[in-house]
Each structure stands twice: as structure tokens, then as C-alpha cells.
Amino acid sequence: MALIVQKYGGSSVATPERLKRVAGRVAENRRQGNDLVVVVSAMGDTTDELLDLARQITNRPSAREMDMLLSTGEQVSIALLAMALHELGQKAVSLTGSQVGILTDDVHRKARIAQISSDRIRAELAAGNIVIVAGFQGMDQNNDITTLGRGGSDTTAVALAGALEADSCEIYTDVDGVYTADPRVVPKARKLEFISYDEIMEMASLGAQVMQLRSVEHGKVHGVEIHVRSSFNRNPGTIIREVKEMNNHRPVIGVAQDLQTAKLSILDVPDQPGIAYQVFSALAKEAVNVDMIIQTAPRNGKADISFTVHEDDRERAQAVVGEVAKKLDASGVICNEGVAKISVVGAGMTSQPGVAATMFGCLAKHGINIDMIGCSEIKISCIIRADQVKEAAQALHTDFGLDA
Ligand code: ADP
Ligand code: ASP
Ligand code: MG
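Computed from a prediction, not measured in an experiment: that's the story for all the values here. (Residues numbered from 1 in each chain as written. Chains lettered and ligands numbered in written order. Predicted model: local features only at pLDDT ≥ 70, side-chain atom pairs only at ≥ 80, totals over all residues. Heavy atoms only, no water.)

### Points about the nonpolar core
Then step 1. Core analysis: the largest hydrophobic core is formed by 36 residues, its most contacted members being Val37, Ile121, Val133, Leu160, Met211, Ile226 and Ile240.
Then step 2. With five residues, the single largest contributor to this core is helix α6 (residues 153-163).
Then step 3. Excluding its chain neighbours within four sequence positions, the residues that come into contact with Val37 are Leu3, Ile4, Val5, Gln6, Ile121, Leu125, Val131, Val133, Leu160 and Leu164.
Then step 4. Counting 26 residues, the second largest nonpolar core, distinct from the first, contains Val185, Val355, Cys362 and Ala393. (Core = buried A, V, L, I, M, F, W, Y, C linked by side-chain atoms within 4.5 Å. Buried < 20%, exposed > 50% of the residue type's maximum accessible area, 1.4 Å probe, protein only. Helix = DSSP H or I, 4+ residues; strand = E, 2+ residues; numbered from the N terminus. Contact = heavy atoms within 4.5 Å.)

### What about the site of ligand 2?
Then step 1. By nearness alone, every residue bordering ligand 2 is listed as Ser41, Thr47, Glu74, Phe136, Arg150, Gly151, Gly152 and Ser153.
Then step 2. Within the side chain of Ser41, an N or O atom sits 3.1 Å from an oxygen atom of ligand 2.
Then step 3. Arg150 places a side-chain nitrogen or oxygen 2.7 Å from an oxygen atom of ligand 2.
Then step 4. Notes on ligand 2: free accessible area 260 Å², of which the protein chains cover 87%.
Then step 5. Its residues assigned to classes, the shell around ligand 2 comprises one nonpolar, five polar and two charged. (Near = heavy atom within 4 Å. Polar contact = N/O pair within 3.5 Å; in protein donor to acceptor, adjacent residues only side chain to side chain. Areas by Shrake-Rupley, 256 points an atom, 1.4 Å probe, with all protein chains shown as cover. Nonpolar A, V, L, I, M, F, W, Y, C, P; charged D, E, K, R; others polar.)

### Quick word on the site of ligand 1
Then step 1. Every one of the 17 residues lining ligand 1 counts as a neighbour, but Thr173, Asp174, Asp182, Arg184 and Gln209 are closest to it.
Then step 2. Take Thr173: an N or O atom from its side chain is 2.7 Å from an oxygen atom of ligand 1.
Then step 3. Within the side chain of Asp174, one N or O atom sits 2.9 Å away from an oxygen atom of ligand 1.
Then step 4. Coverage of ligand 1 by the protein amounts to 89% of the 580 Å² it exposes when considered alone.
Then step 5. Residues that form the shell around ligand 1 fall into these classes: eight nonpolar, five polar and four charged.

### A closer look at helix α10 (residues 314-327)
Then step 1. Between its terminal C-alpha atoms α10 stretches 20 Å, which fits the 20 Å expected from 14 residues at 1.5 Å a residue.
Then step 2. Among all positions of α10, only Arg314, Ala317, Val320, Val321, Val324 and Ala325 are buried. An end-on view of α10 places all buried positions within 135° of arc, on one side of the element. Exposed and oriented more than 90 degrees from the buried face of α10 are Glu315, Lys326 and Lys327.
Then step 3. At its buried positions, α10 is contacted by β13 (254-270), α9 (275-285), β15 (302-310) and β16 (332-345). (Expected span 1.5 Å × (residues − 1). Arc of directions from axis to C-beta.)

It is worth stressing that arrangement in space is one thing and function is another; only the former is reported here.
What follows is the structure, encoded as C-alpha cells:
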């Protein structure tokens, strides 16, 4: 008998009918003799709707209360799924994150899992139950509810699979695997049979929301092989695992775009030691994550510093930089919202020259101006105009030979 952890995302449980279909699929697995732990997300757009409700009350909600609010979405789904399984004659019990014993740090809205106790789940499985777990939530040392960041149900599932040493971890979503690009943006995207932890982590951090970044980190650390597949069909999906050999020897295996990017520039700061330190230490103190940075060549002893942040951090970054700009006697701060990041990813680019040239040539051919460039060993990113990002994604997908 195998122990299987399955996770069903928001679109897979968006309506009572879909929930019933998920219950049918879970029951079928159970009848095959497997032990099942099923993680579910909130139904459809529930989390966004809860965020919107809070916004109608305040612009500055307490993070603790936000977690109290947001975690309710998952609680609805687990109870309904348990009921749907009862209707099918299955024994099932629903558990919240705290009932399971998912202990996190106390960073509300972005909490990290510190420890999972598997006792309750094991006891429920031993009693013959299918165990339904609320995704995206845990509990800190003060017994306060925390949430794990958007898309956090993926992390609940992978972390549980690791803690329970499950035989498999299946992530059911509305696409049948990890593609070479977001299939909604690039219709010619191809499904990948395998992808390495490092490559999907890079894709996730660059905007591909199919798996939450932290869930894959957990998978890598605990050696959990993750099967991403669709809850709407039976196609084989994509296996995320350690890949020793390069993916088809292609330098680029995927294209990702991120529209949740804002660019800030501080104009005419003195060109002398310690200036960048003052800017970025002030941002660090306010926990603003900075992504790409460039500084222009100095003119008359002055230079401009530009950097990008996640859209969620834009307002905080603007406030911090406004203060620093005054101290440095800068001539102004510009915030540019209509930008996006387009990236190509592949472990193979380390050993193959010409990837940057192909990328820049492709963008030039399409009249797309590059505002900023950032590279790591396995990715190249460019900041471009947001309204050109779709064209850029499709063109890069073609030029790197990824089209289906
Ligand atoms: P769930 O609610 O099941 O967690 P998400 O909406 O979080 O689902 O993630 C699935 C979506 O991720 C897909 O609908 C797809 O548009 C998007 N996506 C972005 N990049 C990729 C990619 N490279 N491969 C597959 N899907 C992707
Ligand atoms: N419901 C949460 C969200 O929308 C968590 C998840 O779906 O994974 O972000
Ligand atoms: Mg998701």
C-alpha cells in the first residue's frame, strides 16, 4: 500500500461540481488500496476576494489579522471535500494546519515551515481515514495562525510529503504539467517530461506561478519527487526531480515573464563610495527585496541608480528611497510601473555561448527596447515595457527553438 500526497489547487476545487469530481478521483485512488493525504487550496478566487474585503476596510491591515482572514478560504474547501467523500461512502477527516501540527515562524503572510509533526495524520490514516489538510496555513509558537505566501498550498503538500516520507507527491492544477512557457501567454509552449529542481526554482522565481518557489526548495532539500499534472484530464504530467544530465542539451528550456515588477530610479546621486550602501541598506531595513540593479556611468560626479522590486513592495520602496534621496541631495526619484521582466532559463546555458546574443537579437528584431539586464548562471532577464511582454515571450520561445 502506497502513501500518496495529493494537492488540488484553487481552480480544481472552484465549484461544488469540481469538488465532487476531485472527491471521485480521490476515492478512486483510495479504492486502489492507497493511503491518501489530500491538500486543498481555497475555492477559485476566494483568496483574492478575501484580500479585497480587507482592502475595503483598511489600507494597512495587521498581518496577523490578514492571516486569520485568508486562512478561512482553505477551511471551507477541506470541510466540503470531506463531506463529498462521505457522500461517496469514504472515511475522511479534514484538518487545519494547526490541527496537523504545521509549525511555522511568526512572519505573518510569508511564514516558513519550521517543523511538521506527523502523529495526528498517521493516527487518522491508521484509523482508515483519507486525511484532508488545509493548504497555505500553519501555526506559530504562540498558536497564532500564519499563512505561507501566495501559492503556499504547494509548499504544504511538498513539506507533508517530505515529513511523511510519502511514496509520491502529486500536484493537481489546471495545466497538465510544467511547460516551456506559460501556455496562456505562449500557445506554442511544450510540456516538459522532466525538469530539475534548480530549473523550476529559477522559473518560479522569475514569474512562472505553476509551482510556488518555496515548495520546490522543500522538494530539493528533502528529495521529494514532484509530479505536476492536471485535475481535468489523465495525461501524464511533468516530474520535478534532480536531473543529472542536461535537459536535451538545449541551452534554454523555458521562458518566463513577470508583470509584478516595478522599477525605481534615484537621479543624480554623488558618485562616491558608500552611496549604494546607503540606498540598499535603507531598503533592507524595511525588508524590501531588491531584484535587479544598475548604475549609470558617472557624469560630472553624479550617477543614477535604478533597481526593480516586486509590485507588492513598490509603495514601501518609494517611501524609503524618497527619504534617502533627500539625504543624498539627489535631483529626484522616478517610479516606473509599466515594466515587466522577461527571462530565459536553462542549466545548459552555462556551457553554451551565445545565449545573451540570441536573446538581445530577438528583442531587437521585434523593436523591443531593453531597459535593464540581469544574469545568473542559468538565466538571463531583461526589463522591458509591460505591453510588449507577450510578444517578447512568444518571439524568444520561437528563436530558442522551443515551439511545439
Ligand atoms: P493552482 O491554483 O492549481 O495552484 P496556479 O494558477 O497557481 O494553479 O498555477 C497554474 C497556472 O500557472 C497555469 O494556469 C498557467 O497559466 C501558469 N503558468 C505560468 N507559467 C507556467 C509554465 N511554465 N508551465 C505551466 N503553467 C504555467
Ligand atoms: N489560496 C492561496 C492562494 O491563493 C494558496 C494557494 O492557492 O496555494 O495563494
Ligand atoms: Mg498555485
